[in-house]
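Breakdown of the fold
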Amino acid sequence: MHSFRPTVLFTALVASSGLVRAQCPAVWTDVAAELKTTFIDSSGNCNDDARAAIRLSFHDCFPGACDGSIILADECTDRGENAQMIGICSTLGTMATNFTVGTADLIQFAAAFGIASCPGLPAIAVKVGRTDSSTANAANQIPTQNDNATTIVAAFAAKGFTSTELVALIGAHSAAKDLNGNALDTTVDDLDTTFYTETANGTAPASLNSDVSMSSSSVTSGDWTTFGSDASAWADAFVPAMEKLSLLGNDASTLTDCSSVITAAFA
Ligand code: HEM
Ligand SMILES: *[C@@H]1O[C@H](CO)[C@@H](O)[C@H](O)[C@H]1NC(C)=O
Ligand SMILES: *[C@@H]1O[C@H](CO)[C@@H](O)[C@H](O)[C@H]1NC(C)=O
Ligand SMILES: *[C@@H]1O[C@H](CO)[C@@H](O)[C@H](O)[C@H]1NC(C)=O
């Protein structure tokens, strides 16, 4: 049944006139409702799917572009670095089909939703309209946990990120678990700064060698200490760095803002 919807027509006309960007498509409100049941457990905490979705943003974008290729070109199943995310790749791949939304967009929307699901940070802005790609990005772009600060800083510089943006982004490990399921800080359900201090002082339940290296290397330890002792300094650095990551390889000026859908889901 097709009904004439003046608001949709109005939005399209105003958008095409260039005066106002198009409104976020209504389907994203339905996606948000589905993600809420997927990412938050019965006690109200963010779960392993939320953690994996935050990480998936990094692993889709960093090798080249936020283009959905981690799912659409099977990077998820083909590359060892993505092995812990096969489950979330499958879930989000099916969800993109079910809701007829872009895979690249859904990955970034889900990461933003995961960040909003694990308490501690303000919501990040999220945009939609990316072009999906079934062509794999270059392999071996993601640093490993055995890389040191020098190598990781260089890898991020090659993608246009400063060492401060890198240290800020690594704070996502505040809500992370390692391969054995051990948390990388004592407050794994929160996106907070405990991760920085515990990694630096050796009291985290588990730590990645790469994170320990960044906590002590002269290139990164200044920002590491600052973020560990100042939650708002971390939030002020993390939010724009994560938004930048979510747009890699895309022209943000052509995208549509859907940030209000996420804030509304947690209002
Ligand atoms: C650059 C260096 C990085 C390295 C070496 C690294 C490495 C790792 C490793 C080894 C794990 C544990 C899972 C496993 O054992 O396979 C992990 C988890 C995670 N990483 Fe990173 N990571 C890096 C950067 C980032 C960035 C920039 C983000 C930001 C989005 C991020 C978000 C996460 C999250 C949320 C998890 C938890 C996943 C889960 O518990 O399922 N990581 N990372
Ligand atoms: C996709 O839709 C099918 C059929 O309605 C449903 O069984 C499945 O749970 C949905 N999956 C996701 C991830 O939304
Ligand atoms: C960091 O790792 C690289 C590559 O393995 C190595 O060449 C370099 O010496 C290491 N730097 C430090 C400070 O350990
Ligand atoms: C390590 O850091 C944590 C988190 O800030 C703090 O509670 C703890 O007292 C510190 N422990 C040591 C030995 O410095």
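The following paragraphs examine the structure supplied in this document. (Residues numbered from 1 in each chain as written. Chains lettered and ligands numbered in written order. Predicted model: local features only at pLDDT ≥ 70, side-chain atom pairs only at ≥ 80, totals over all residues. Heavy atoms only, no water.)

**A closer look at the site of ligand 2**
Note the cut-off: Any residue with at least one heavy atom within 4 Å of a molecule or strand is counted as near it. Two N or O atoms count as a polar contact when they lie within 3.5 Å, although within protein this holds only if one can serve as hydrogen donor and the other as acceptor, and sequence-adjacent residues are included solely when both atoms are side-chain atoms. Method for areas: the Shrake-Rupley scheme with a 1.4 Å probe, in which residue coverage is limited to the protein chains shown. Charged means Asp, Glu, Lys or Arg here, nonpolar means Ala, Val, Leu, Ile, Met, Phe, Trp, Tyr, Cys or Pro, and polar covers whatever is left, Gly included.
Around ligand 2, the structure places Glu34, Thr91, Thr94, Met95 and Asn98. Measuring from an oxygen atom of ligand 2, one finds a side-chain N or O atom of Glu34 at 3.1 Å. When ligand 2 is considered free in solution it has 360 Å² of accessible area, and contact with the protein chains removes 40% of it. Among the residues forming the shell around ligand 2, the class breakdown is one nonpolar, three polar and one charged.

**Description of the packing of aromatic side chains**
Under the convention used in this document: Each aromatic pair joins two rings of Phe, Tyr and Trp (for Trp, the six-membered one) with centres within 6.5 Å, and gets the label stacked for planes under 30 degrees apart, edge-to-face for over 60, and tilted for any other angle. Secondary structure elements follow DSSP: runs of H or I no shorter than four residues count as helices, runs of E no shorter than two count as strands, and numbering proceeds from the N terminus. Burial status follows relative accessibility: with a 1.4 Å probe on protein chains alone, a residue under 20% of its type maximum counts as buried, one over 50% as exposed, and anything between as partly exposed.
Applying the stated criterion across every chain yields a total of 14 aromatic pairs. Aromatic pair Phe39 and Phe113: ring centres 6.4 Å apart, planes at 55°, arrangement tilted. With Phe39 in helix H2 (residues 27-39) and Phe113 in helix H7 (residues 103-117), the pair connects residues that are 74 residues apart, well separated along the chain. You'll find Phe39 and Phe113 in the same group, each marked buried. A centroid spacing of 6.0 Å and a plane angle of 75° characterise the contact between Tyr196 and Trp234, whose relative ring orientation is edge-to-face. A residue pair is termed long-range when its members are at least 10 positions apart, and Tyr196 in helix H10 (residues 194-201) and Trp234 in helix H13 (residues 231-245) qualify at 38 residues. In this pair, the class of Tyr196 matches that of Trp234, namely buried. The rings of Phe195, Tyr196, Trp224, Phe227, Trp234 and Phe238 are connected pair by pair, giving a single aromatic cluster.

**As for the environment of Ile54**
Among the secondary structure elements, Ile54 is positioned in helix H3 (residues 48-61). For the pair Ile54 and Cys89, spaced 35 residues apart in sequence, the C-alpha to C-alpha distance is 12 Å.

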